[in-house]
Amino acid sequence: MSQPVASRLEPLVPDYVLAFEPYTPSKPDPELRRLYGVPHIHRLNNNENPLGPPPAACEVMSSADPRSAAIYPSGDAFYVRQAIADKFNLSTDQIIVGNGATELISFITKAFCASGDNIVTADKTFAVYEWVAAFSGFEARLVPLLDDAFDSARILAEIGERTKIVFICNPNNPTGTYWDDRKLHHFLDSVGNRCIVVLDESYIEFVEKPDFPDGISLMNEYPNLVVFRTFSKMYGLAGLRIGYLAGRADVVDVIRRTCVVYSVNSVAQLAAVAALQDESHITATRRLVSESRDWLTGELRRLGLPYIANEGNFVMVRLPISDTLVYRRMMKYGVMVRTMTGFRYPNHIRVSLSHFDVMEDFVLALEAALAT
Ligand SMILES: *Cc1c(COP(=O)(O)O)cnc(C)c1O
């Protein structure tokens with residue numbers, strides 16, 4: 001909870017900033033261990049990769065010269081863009097690298113939205129699209145999910161004269177549902193050139209379904225399509241903050257005007273280039289996630305708890321009691337999950353998929369939290 005804005009400051013603060021409730025991140029582990037009296041905490045709240053970064057990325061990080069910290073990084077992540085361009089057969093002027101994909105949401109919103117404009121997305125998805133619009137003074141039109149998935153017909157109906165960007169999270173965080181190739185094509189055909197369509201593919205590397213669309217391969221066909229990806233999830237570099245967007249060069253040229261250069265640090269750039277080369281890490285992570293999901297959903301059925309488990313490295317669980325209460329009780333067992341009430345899923349938690357022994361601890365803590 002934030003404190004009320006001082007009356008002296010009030011006239012200086014735009015209404016939409018006054019109305020915005022800041023996000024409160026979790027405290028660092030040592031604070032939480034003290035607070036809950038536990039020796040260890042499993043962080044299952046942020047969909048991080050339990051296998052860590054790929055070995056090649058670990059290597060470049062440990063051999064990085066500490067003295068190079070005195071030097072500014074490449075301002076436009078030169079070698080990262082080159083590595084991404086090579087991997088996906090793009091040109092480097094089709095790519096912008098950001099301080100996490102989160103920063104790219106700000107860039108693209110600033111690039112296309114002016115006062116009176118709006119963005120369209122789902123009500124239950126990655127909340128930052130909505131937040132950036134709200135605290136920048138733009139309307140966020142939120143379309144309810146249909147059967148846990150983005151509802152293309154209602155999204156199309158919400159696109160108006162002043163709609164500049166539609167954000168589609170594919171697969172969706174937190175439900176894991178996705179639009180297949182056919183559905184995405186139909187949607188993009190229907191939108192035409194009316195607005196920019198962002199396809200947030202933060203979890204694409206986890207998806208093995210043959211009908212799952214690859215946004216980057218569609219950019220020639222759909223000039224207003226912009227694809228977001230991140231090194232935070234599959235590539236295990238969440239702590240370094242690095243993600244990227246890809247689009248047609250003319251679209252990217254517009255977004256580049258609103259970019260803060262030098263926002264991506266040099267270690268992140270080194271690690272990202274190395275991480276992109278390591279396909280075996282993806283294979284190992286996929287195996288871990290899929291075994292973990294199978295085991296966990298079996299346990300949830302045994303406990304009679306409804307769940308939403310689709311693509312991505314996370315599962316949502318519906319609880320018979322308050323999610324914040326369950327969160328506090330589970331923390332006493334050293335297990336941290338994501339409460340979902342604030343994300344319009346009352347009495348749900350989202351849990352990241354991890355190693356077997358960690359998931360066992362999760363189930364034990366959940367059972368205990370529901371039994372008390
Ligand atoms: C994690 C996540 C991101 C952004 O992650 P960064 O760490 O900022 O790169 C973006 N979109 C979705 C759907 C996510 O889950």
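Refer to the structure above for everything that follows.
(A) Examining the overall build of the protein more closely. Helix and strand counts for the protein stand at 13 helices and 13 strands. Since a compact globule built from 372 residues should have a radius of gyration of about 21 Å, the 21 Å found for the protein is in line with a globular shape. With the C-alpha coordinates aligned to their principal axes, the bounding extent of the protein is approximately 55 × 55 × 50 Å. Counting only residues that meet the buried cut, the protein has 50% of its 372 residues in that class. Contacts in the protein between residues at least 24 apart in sequence constitute 72% of all its contacts with a sequence separation of at least 6. A total of about 17300 Å² of accessible surface is found on the protein, and carbon and sulfur atoms cover 53% of it. Where the 36 positive side-chain charges of the protein centre and where its 44 negative ones centre are 5 Å apart.

(B) Broad picture of the site of the ligand. Near the ligand, the surroundings consist of 13 residues, among which Ala 101, Thr 102, Thr 230, Ser 232 and Lys 233 are the closest. Within the contact set of the ligand, an oxygen atom lies 2.5 Å away from a side-chain nitrogen or oxygen of Thr 102. Within the side chain of Lys 233, a nitrogen or oxygen atom sits 2.9 Å from an oxygen atom of the ligand. Here the ligand, which alone exposes 380 Å², has 94% of that area covered by the protein. In terms of residue class, the shell around the ligand is built from four nonpolar, six polar and three charged.

(C) Examining the packing of aromatic side chains more closely. Tallying each qualifying case throughout the model produces 15 aromatic pairs. An angle of 85° between the planes, with centres 5.2 Å apart, marks the rings of Phe 78 and Tyr 79 as edge-to-face. Judged by centre distance (5.3 Å) and plane angle (50°), the rings of Phe 231 and Tyr 235 are tilted. Classification of Phe 231 as buried rests on a relative accessible area of 0%. Here the aromatic cluster, defined as three or more aromatic residues joined through ring pairs, consists of Tyr 23, Trp 131 and Phe 343.

(D) Inspection of the pattern of salt bridges at higher detail. Under the defined criterion, the tally for this structure stands at 16 salt bridges. We note a salt bridge from Arg 81 to Asp 76, for which the minimum N-O separation is 2.8 Å. Classification of Arg 81 by relative accessible area gives buried; the value is 9%. Each of Asp 117, Arg 162 and Lys 164 takes part in salt bridges that share partners, so that together they form one network.

(E) Broad picture of the environment of Asp 151. Tracing the backbone through its elements, the reader meets Asp 151 in the loop between β4 (139–143) and α7 (152–158). Exposure remark for Asp 151: the relative accessible area of 11% places this residue in the buried category. The spatial distance from the C-alpha of Asp 151 to the C-alpha of Ile 168 is 10.0 Å, given a sequence separation of 17 residues. Setting aside residues up to four positions removed in sequence, Asp 151 forms contacts with Val 143, Pro 144, Leu 146 and Trp 179.

(F) The sheet that holds strand β9 (residues 307–308), seen in detail. Here four strands make up an open sheet; going across it, the order is β9-β10-β13-β12 and the pairing antiparallel. In the strand order of this sheet, the two ends are held by β9 and β12 (338–339), each with one partner. Strand direction decides the pairing type here: β12 and strand β13 (residues 348–352), joined by two bridges, are antiparallel. For Arg 338, the partnering residue across the bridge sits in β13 and is Arg 350.

(G) A look at helix α5 (residues 101–112). With 12 residues, α5 extends 17 Å from end C-alpha to end C-alpha; this agrees with the ideal 16 Å at 1.5 Å per step. Of all 12 residues in α5, 10 are buried; the element is thus mostly enclosed. For α5, the full list of buried residues reads Ala 101, Glu 103, Leu 104, Ile 105, Ser 106, Phe 107, Ile 108, Thr 109, Ala 111 and Phe 112.

(H) Broad picture of a nonpolar patch on the surface. On the surface, Val 5, Leu 9 and Leu 12 cluster together into a nonpolar patch covering about 260 Å² of accessible area. Position of Val 5 among the secondary structure elements: in the segment before α1 (15–18).

(I) Examining the packing of helix α11 (residues 279–302) against helix α13 (residues 356–371) more closely. At a minimum axis distance of 10 Å, the contact between α11 and α13 shows a crossing angle of 20°. Put simply, α11 runs roughly parallel to α13. Judged by the sense of rotation from one axis to the other, the crossing of α11 with α13 is right-handed. Together, Ser 292, Trp 295, Leu 296, Glu 299, Leu 300 and Arg 302 of α11 and Phe 356, Met 359, Glu 360, Phe 362, Val 363, Leu 366 and Glu 367 of α13 make up the contact between the two elements.

(J) Structural context of unusual backbone geometry. Across the junction of Asn 170 and Pro 171, the peptide omega takes the value -5°, indicating a cis bond. When you line up the elements, Pro 171 lands in the loop between β5 (163–169) and α8 (181–191). With an omega of 20°, the peptide bond between Asn 173 and Pro 174 qualifies as cis. Structurally, Pro 174 is set in the loop between β5 and α8. Unusually for a residue other than glycine, Arg 241 sits at a positive phi of about 60°. Residue position: Arg 241 is located in the loop between β7 (225–230) and β8 (243–246). In this structure Arg 241 comes out as partly exposed when scored by relative accessible area, which is 29%. Of note in the backbone geometry, Asn 347 takes a positive phi value of approximately 60° without being a glycine. Mapped onto the elements, Asn 347 comes out in the loop between β12 and β13. Residue classification places Asn 347 among the partly exposed residues on the basis of a relative accessible area of 29%.

How each quantity is defined
Residues numbered from 1 in each chain as written. Predicted model: local features only at pLDDT ≥ 70, side-chain atom pairs only at ≥ 80, totals over all residues. Heavy atoms only, no water. Helix = DSSP H or I, 4+ residues; strand = E, 2+ residues; numbered from the N terminus. Rg over C-alpha atoms; globule rule 2.2 N^0.38 Å. Buried < 20%, exposed > 50% of the residue type's maximum accessible area, 1.4 Å probe, protein only. Contact = heavy atoms within 4.5 Å. Areas by Shrake-Rupley, 256 points an atom, 1.4 Å probe, with all protein chains shown as cover. Lys, Arg positive; Asp, Glu negative; His and termini not counted. Charge placed at Lys NZ, Arg CZ, Asp CG, Glu CD. Near = heavy atom within 4 Å. Polar contact = N/O pair within 3.5 Å; in protein donor to acceptor, adjacent residues only side chain to side chain. Nonpolar A, V, L, I, M, F, W, Y, C, P; charged D, E, K, R; others polar. Phe/Tyr/Trp six-rings, centres within 6.5 Å; stacked < 30°, edge-to-face > 60°. Salt bridge = Lys/Arg side-chain N within 4 Å of Asp/Glu carboxyl O. Pairing = 2+ DSSP bridges. Expected span 1.5 Å × (residues − 1). Patch = residues over 30% accessible without salt bridge, like charges linked within 9 Å, V, L, I, M, F, W, Y side chains within 5 Å. Axes fitted to C-alpha atoms, helices over the stretch in contact; angles between N-to-C directions. Parallel < 35°, antiparallel > 145°, perpendicular 65-115°, else oblique. Left-handed = near helix turned anticlockwise from the far one by under 90°.

These results come straight from atomic positions and should not be treated as a statement about function.
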